[in-house]
Structure formats: C-alpha cells, structure tokens
Protein chains: 2
Amino acid sequence: MSSTTGAGGLFPGGAWTTRAPKTSERVARELVNHIIGHDLAEGAKLPNEKQLVEVFDVGRTTLREALRLLETRGVITIRSGPGGGPVVRRPRPDDLREGLTLILQFAGASLTDVLEARATLEPRIASLAATRLTSNRIEELARSVETMRDSCEDHDVFLDENRRFHTTIAEASGSSGLWVFNETLKSIADGAVVGVEYTPRRRLAVAEAHHKIVEALRSRDPRSAEAAMRAHVEEAGAFWGRHYPELSARGVRWVQ
Amino acid sequence: MSSTTGAGGLFPGGAWTTRAPKTSERVARELVNHIIGHDLAEGAKLPNEKQLVEVFDVGRTTLREALRLLETRGVITIRSGPGGGPVVRRPRPDDLREGLTLILQFAGASLTDVLEARATLEPRIASLAATRLTSNRIEELARSVETMRDSCEDHDVFLDENRRFHTTIAEASGSSGLWVFNETLKSIADGAVVGVEYTPRRRLAVAEAHHKIVEALRSRDPRSAEAAMRAHVEEAGAFWGRHYPELSARGVRWVQ
C-alpha cells in the first residue's frame, strides 16, 4: 500500500498551488521571503522603487503592482514624499478583523458567538502554554495580576492588563493558528464592548480568575490550566449575557 | 455597584467604533445591510451605478469608492460591459485564506500548526453539533460515509465527501466563529497537500472514523461526538507527521 504519490516532486518550488503566478505575484512573494529571511522588523526601509526594478529585472508597472499587492496584504506600507518608499509593516491578526467581521455579519453572528469561539480556543491555549511558558513569562503574568488588583479603579490599566495577560499566554502556546484566531476574535469582541465600563468589583473578579490561571500555569499542569481558563472564559460569557443581554445578542457589524 | 455605563447610549447607531466614517464607507455599509436585510443570494444584481448614485444621493466618485471597497471585501463583484454592474457575491471563509496564510508565514507556522488548530476546533464543533444537527443532516452524513466507502478507489470523490462531511458538521454547530476558522484552516491544509494521493486503505480508514462520528452524533451525546472527532483529527495529524514529515514541517507559504 505504498501507492501514495510522494509530495516532493509535486511541489518543485514548494508552492501550494499549481496556477502559474503573474510576474508581479512572484516579485511580491520574493519580497515576502526577503523580509522573513532577513527578519526585517516593522519600520525597516526596503530598497527604493528604482533599486527594486533593477534587482528583480522587471518593469516599473509590474513592480508597482507587486508593492500594491503587498500593501493591501499588510506586509508593507508605502511612504510618500522625498526619502519615502516601501517600509516593512508585517501582517498581524488584527488585519483579519474586517474580513472576519463581514463573514460573521453575513452569517448572522452575535457577540455571544464570538465569545463562544473564544471559549473554545482559550482553554486549549492555556493547556498548551502550561508546558511551554518560560518561568519569566509566568512571573510576568503574576505581575500583571498584581497590577490589575492594585489599579482596580483604573479602567484603562484594567483593559491593558487584560489584553496583555491573554496575549502573553496565547503567544506562549506555540500554536500560531490558535493565537491568530484568538487575537482576531478578541479585537472583534473588544470593539463590540467599547465604552462599556467594568465596575471595580468586576475588575477584581477578573484579577482573581487570572490569579487562579497563573497558579495553574505555575504548576505546569495542562489540565488544571485548561480548567482554570475554561472557568474564566465561561464565566465571562455568562457575565455579558446576564448584564448586557442586548449587547450580547446584537449582530456583529462591519465598521471600517 | 451599578456604576457601569449602559451600552445603549454609547452605540446610538449600533456602530462598533467611534471614528466618523467617510461617506463612501457609510454607503458601503448600507449596501451590506441592504444585501443582508433582503437576503440577496449570490449572483443577484444590484441597482446600477446611476440608480445607486440617486438612491444614496452621492457623487459618482464616492459611489465607485464604496463599490470598490465592497469588491475588495468580497461582498460584490463588478461585471463589466453592457448590462454589467454590481452583483452580489457574499464574503466567505476562504476569503481569509491569503491573509491568514501570510500571518502564519510571518509567524513561522507549518502544516503541523494548522492541523493542531483544527484539532482544537473540530472536537468542540462536533460536541456542539451533537445536539443541534437535524436528523436529516445526520442521515446525509451517514450517506456521505457510504459514498466514501463505496468509492474508495476514487480520489476526487473521497476529497469531496471528506470536505462535505466536515463542513456539514461545522455549519450545524451553530457557532459561526468556529465554522469560519475551521473552513479557512481546511482550505490552507487542503492547499498544502494538493496532489498527495491517499491510498484506498487510508480512505477506508477515514470512512471508518467518519462512521464512528456519525454514530456518536446519532446518539446525541456531545461527549462521545467530541471524543470520536478528537480521535479522528488527532489520528490524521499523526498520519501526516508519520508519512509526510517534510510536508508537515514545511512552512506555510503565501501563494495568491
């Protein structure tokens, strides 16, 4: 039963499609590889248009098409004016927000649906992070809990720490797929509740839930980390449903 | 402790942002509401440019900007030529594929990461679907298993039935968020293994796993549906890792 076709020969260029790419697409892809290969940071200047035309040996129109494509995809920004030109941006989860919001809107989804999806991702993320987080990161999380407790009167500090807490765990999960979705969902959920002020009591309850998660992560036990995170996100979903039923049921809407 | 700010007053227009939108953005959003409100199907013709200019009482440039925005977002396509004009398309999960692929590529993700994310979503989807699937849908799934078994020599039938099986369950889960991500991940994973032929024995093994899932769904037991799906997706991940280690470890790459 070894009649399977080896993958190697079928992907000579490692490409995941068989359609012959346009020249501008090839140039765009090579620029992506260049940025990743040289680990160019956000804000790094790329060669200017004239230099790129020479490097890739293509016409100016083709090059501009490639740059526009990369700009649309959030890989670069193009600075105008003298000394301007293409600058590295790097695509990020938030770039999917508008597209995802529109698909959800067409599917009739509500904030409750967004929270339900997060309630699926977060426990698994915590479970993976339990064995993958460095000790330094765990202490960072513990400090975030302290800050949240100490500043429970400050709404902005609360929101910042809340975001930092979940993002740190998601990044440490080592699962890029879960990290991307979770960040995108968070950004949709945050947008949905902009302006809703938590009470100091509510903020302390969230800090307490975070504390339990940190303890579970410290014990390096995936199951208890998963359970602590599940308790937290399910309680949060219930909170929104109870206190803001209209907001929770309201359809997700696209706003540019 | 009722110092929370009511949501209602803060969202007079139900908008999820506070930035004042450009006119073209407002027009685009109203067109989205029109399409959803009238449940216009893919392919439905929208009023032509001249009519839309009148309806929205905006200039031609503004209207074109709105239409271009909707085209970029996959909401409409614009047919050229006489009798042409804007036609409904409706955005779909696959529209996120390129954007997600790029973010994953910048994060250094591999096919294994994509499968790991699916292994998180699919069991939860099956668990939700266990109580939400109609009996008709369950029989459809049972027939899909039969077709897969009977046509185990036919690669295309296998792929079709495999896709249909997972999509039917995801749609029935009632969780739009999980459905969108899962479809997007599937489309990335499918692209990664294009051209890899399963053996008939492998296809029968997949049919057998699907059969067990259908039985669990029929029993309406979320836990056993979740367990059957988990066994299936984890086995699939292990299969790819064992038989195609290079393919599994290869980085996700953006291809337009």
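For the structure, see preceding data.
Please read all numbers here as calculations on a predicted model, not as lab measurements.

Participant: I would appreciate a short explanation of the overall build of chain A in the present structure.
Facilitator: On a plain count of helices and strands, chain A comes out with eleven helices and two strands. Counting from the amino terminus, chain A carries its helices and strands in the arrangement α-α-α-β-β-α-α-α-α-α-α-α-α. In terms of its C-alpha atoms, chain A occupies a principal-axis envelope of roughly 65 × 60 × 40 Å. The buried share of chain A, taken over its 256 residues, is 51%. A sequence separation of at least 24 residues applies to 73% of the contacts in chain A between residues at least 6 apart. A total of about 11800 Å² of accessible surface is found on chain A, and carbon and sulfur atoms cover 48% of it. The positive charge centre, built from 35 side chains, and the negative charge centre, built from 35, are 4 Å apart in chain A.

Participant: Please clarify how the interface of chain A and chain B should be interpreted in this entry.
Facilitator: By convention, interface size is frequently given as the accessible area that disappears when the constituent parts associate. Each partner contributes residues to the interface: chain A has 77 residues there, and chain B has 76 residues. For the pair chain A and chain B, the summed buried surface comes to about 7100 Å²; carbon and sulfur atoms form 68% of the total. At the boundary of chain A with chain B, the tally comes to four salt bridges. Summed over the shared surface of chain A and chain B, the number is eight residue pairs in polar contact (both at pLDDT 80 or more). Listed by contribution, the elements that provide at least two residues to the side of chain A that touches chain B are helix H1 (23-37), helix H3 (60-72), helix H4 (97-106), helix H5 (111-132), helix H8 (176-192) and helix H9 (200-218) of chain A. Considering each element in turn, the side of chain A that touches chain B owes the most residues, ten residues, to H8(A). Residues that form the side of chain A that touches chain B fall into these classes: 43 nonpolar, 19 polar and 15 charged.

Participant: It is not clear to me how the environment of B:Thr120 should be interpreted in this structure. Could you clarify?
Facilitator: Position of B:Thr120 relative to the elements: it lies in helix H5 (residues 111-132). Along the backbone, B:Thr120 and B:Gly37 are 83 residues apart, and their C-alpha atoms lie at a distance of 34 Å. Contacts of B:Thr120, omitting those with residues within four sequence positions, involve A:Thr120, A:Arg124 and A:Leu178. In this structure the side chain of B:Thr120 is engaged in a polar contact, spanning 3.0 Å, whose partner is the side chain of A:Arg124.

Participant: Would you mind going over the pairing of strand E1 (residues 76-79) of chain A with me for this structure?
Facilitator: Along any regular strand, the residues point their side chains to alternate faces of the sheet. Relative to strand E2 (residues 85-88) of chain A, E1(A) runs antiparallel, the two sharing four bridges. Within E2(A), the position partnered with A:Thr77 by the bridge is A:Val87.

Participant: Is there a simple way to explain the relation of the copies chain A and chain B in this structure?
Facilitator: Applying a rotation about an axis and a shift along it to one chain copy brings it onto the other copy. Once turned by 180° and shifted 0.0 Å along the axis, chain A lies on chain B with an RMSD of 0.0 Å. Classification of the inter-copy transformation places it as that of a two-fold axis.

Participant: I tried to follow the packing of helix H7 (residues 155-172) of chain B against helix H8 (residues 176-192) of chain B on my own but got confused; where do I start?
Facilitator: For any two helices packed against each other, one specifies the crossing angle of their axes together with the interaxial distance. All names here are of chain B. Relative to each other, H7 and H8 sit at 165°, their axes nearing to 9 Å. It follows from the interaxial angle that H7 and H8 lie roughly antiparallel. For the pair H7 and H8, the sense of crossing is right-handed. Along the contact surface, H7 presents Arg163, His166, Thr167, Ala170 and Glu171, while H8 presents Trp179, Glu183, Lys186 and Asp190. Split into classes, the residues belonging to the contact of H7 with H8 amount to two nonpolar, two polar and five charged.

Cut-off values and rules
Residues numbered from 1 in each chain as written. Chains lettered and ligands numbered in written order. Predicted model: local features only at pLDDT ≥ 70, side-chain atom pairs only at ≥ 80, totals over all residues. Heavy atoms only, no water. Helix = DSSP H or I, 4+ residues; strand = E, 2+ residues; numbered from the N terminus. Buried < 20%, exposed > 50% of the residue type's maximum accessible area, 1.4 Å probe, protein only. Contact = heavy atoms within 4.5 Å. Areas by Shrake-Rupley, 256 points an atom, 1.4 Å probe, with all protein chains shown as cover. Lys, Arg positive; Asp, Glu negative; His and termini not counted. Charge placed at Lys NZ, Arg CZ, Asp CG, Glu CD. Buried area = accessible area lost by both parts, 1.4 Å probe. Salt bridge = Lys/Arg side-chain N within 4 Å of Asp/Glu carboxyl O. Polar contact = N/O pair within 3.5 Å; in protein donor to acceptor, adjacent residues only side chain to side chain. Nonpolar A, V, L, I, M, F, W, Y, C, P; charged D, E, K, R; others polar. Pairing = 2+ DSSP bridges. Least-squares fit on C-alpha atoms with pLDDT ≥ 70 in both. Axes fitted to C-alpha atoms, helices over the stretch in contact; angles between N-to-C directions. Parallel < 35°, antiparallel > 145°, perpendicular 65-115°, else oblique. Left-handed = near helix turned anticlockwise from the far one by under 90°.

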